[in-house]
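Survey of secondary and tertiary structure
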2 protein chains.
Amino acid sequence: MISGKFAITLHILTLLSKFPDEYLSSEFLAGSMNINPVLVRKEIANLKKHNMVESREGKNGGTRLAKSVKNITLDDIFKMTFQKVSLGYAKNDPNPACPVGKKINQNLDALYDDINNKISAQLKDISLMEFTDKF
Amino acid sequence: MISGKFAITLHILTLLSKFPDEYLSSEFLAGSMNINPVLVRKEIANLKKHNMVESREGKNGGTRLAKSVKNITLDDIFKMTFQKVSLGYAKNDPNPACPVGKKINQNLDALYDDINNKISAQLKDISLMEFTDKF
DNA sequence: AAAACTGTAACAATTTTAATTACATATAAA
DNA sequence: TTTATATGTAATTAAAATTGTTACAGTTTT
């Protein structure tokens, strides 16, 4: 099961960018995704750690963007929320007595690193503004 | 948890390419990965469906390559074993009453399609021979 | 003081993947 | 022709990862 962190975070940022002057509550944000508000707050915690948003506690509290949508790229979001794209591994430790088993994971890792570099380059060219303009 | 199909299939093909004249058993192949032989046989069934390997049942049976390692690319394996690379979705159906919720999945899909096209182009340039030469 | 939020932790439920078991069928070789 | 050793596949169980839920402390506005 692939985690929804990237999608949730991008969804949050898209909503925040549509209402740049308001503090939006986690319940409102969660309502747009139809998920639990706690999940939203977890991703907001991550966004705050990276200084992308700022929150206000208490009544009428919520979250808003802390920087311009022009200065956020999808690669920033990717790096904040996604470990690494992978095409998977055979789950157990491969047999070190086998020449292939011994080196398979390092060769897969090298391949996956190449893939991730390409994806990053691709996402770096897409600003959050460009993405949110599609809505 | 990301499935190991791609990695298992690539591992199988790497081993088969190292012993191109022998029929290798699922138990031998599984031993190199330290996984259950049934998982190997499932991936072999998929490889057979795509005419990449041929098997022999019964005593001294096993599997061997059905085509040259030069004519197999990592993209072939990717397409055979991996639905699609994705950065995930917010799991539930987003709110269709929200302008962002209504269109988020189609915009994510478009983004992920672009990513997959880039990955395919990248993998198309790597032959199985090039990969197996690393061992 | 009350109401409405955020911030977290702990735990339960769900979903996906892998392992295991079982057995029918096929083939080589003794 | 019998035995041993494979494949092929279905069904079930186990394990791992993600998501949902509950609970509650802390904060801020009214």
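Residues numbered from 1 in each chain as written. Chains lettered and ligands numbered in written order. Predicted model: local features only at pLDDT ≥ 70, side-chain atom pairs only at ≥ 80, totals over all residues. Heavy atoms only, no water.

Per an unreviewed UniProt entry, chain A goes by Transcriptional regulator and derives from Flavobacterium rakeshii.

**Notes on the interface of chain A and chain B**
Quick note on the threshold: By definition, residues are in contact when any of their heavy atoms lie within 4.5 Å. Summed over both partners, buried area is the accessible surface (1.4 Å probe) that two parts give up on being assembled. For salt bridges, the criterion is a side-chain nitrogen of Lys or Arg within 4 Å of an Asp or Glu carboxyl oxygen. Helix and strand definitions follow DSSP, with helices as H or I runs of at least four residues and strands as E runs of at least two, each counted in order from the N terminus.
With 50 residues of chain A at the contact, the number on the chain B side is 50 residues. Of the roughly 4,000 Å² buried where chain A meets chain B, counting both sides, 70% is carbon and sulfur surface. For the pair chain A and chain B, the number of links is zero salt bridges. Elements represented by at least two residues in the side of chain A that touches chain B include exactly helix 1 (5–18), helix 2 (26–33), helix 4 (74–81) and helix 5 (99–124) of chain A. A per-element tally of the side of chain A that touches chain B places helix 5 of chain A first, with 15 residues.

**Describing the pattern of salt bridges**
Applicable threshold: Think of it in three bands: with a 1.4 Å probe and only protein chains considered, a residue is buried below 20% of the maximum accessible area for its type, exposed above 50%, and partly exposed in between.
If you walk through the whole model with that rule in mind, you get 10 salt bridges over all chains. Its salt-bridge partner being A:Asp75, residue A:Lys79 comes within 2.7 Å of it at the nearest N-O pair. Highlighted residues: A:Lys79 and A:Asp75, both in helix 4, separated by four residues, approximately one helical turn. You can call A:Lys79 exposed: its relative accessible area is 54%. Here A:Asp75 falls in the buried class, since its relative accessible area comes to 3%. As a salt-bridge pair, B:Glu54 and B:Arg64 come within 2.9 Å of each other at their nearest N and O atoms. Of this pair, B:Glu54 sits in strand 1 (residues 53–56) while B:Arg64 is found in strand 2 (residues 62–65), placing the two residues 10 residues apart along the sequence. Through salt bridges with shared partners, one network takes in A:Asp75, A:Lys79 and A:Lys124.

**Points about the nonpolar core**
One broad rule of soluble globular proteins: the nonpolar side chains tend to lie buried together. The condition that has to hold: Nonpolar cores are built from buried Ala, Val, Leu, Ile, Met, Phe, Trp, Tyr and Cys residues. Side-chain atoms within 4.5 Å join them into one set.
Ranked by size, the top nonpolar core spans 84 residues in total, and within it A:Phe6 and B:Phe6 carry the most contacts. Beyond its immediate chain neighbours, meaning those up to four positions away, B:Phe6 contacts A:Leu87, A:Leu108, A:Leu111, A:Tyr112, B:Leu74, B:Ile77, B:Phe78, B:Thr81 and B:Phe82.

**So, the protein's contact with DNA strand C**
This is how it is decided: Throughout this document, a residue counts as near a molecule or strand when at least one of its heavy atoms sits within 4 Å of that molecule or strand. Any pair of nitrogen or oxygen atoms within 3.5 Å is treated as a polar contact; in protein, a donor-acceptor pairing is required on top of that, and neighbouring residues in sequence qualify only through side-chain atoms on both sides. Gly counts as polar in this scheme, as do all residues outside two lists: the nonpolar Ala, Val, Leu, Ile, Met, Phe, Trp, Tyr, Cys and Pro, and the charged Asp, Glu, Lys and Arg.
Every one of the 27 residues lining DNA strand C counts as a neighbour, but A:Ser26, A:Lys48, A:Asn92, B:Leu39 and B:Glu57 are closest to it. Between a phosphate oxygen of DNA strand C and a side-chain N or O atom of B:Asn36, the distance comes to 3.3 Å. Here a sugar or linking oxygen of DNA strand C sits 3.3 Å away from a polar atom, N or O, in the side chain of B:Asn60. Listed by contribution, the elements that provide at least two residues to the surface near DNA strand C are helix 3 (37–49) and strand 1 (53–56) of chain A together with helix 3 (37–49) of chain B. Of the residues forming the surface near DNA strand C, the biggest block, three residues, is contributed by helix 3 of chain A. Class assignment for the residues of the surface near DNA strand C results in six nonpolar, 12 polar and nine charged.

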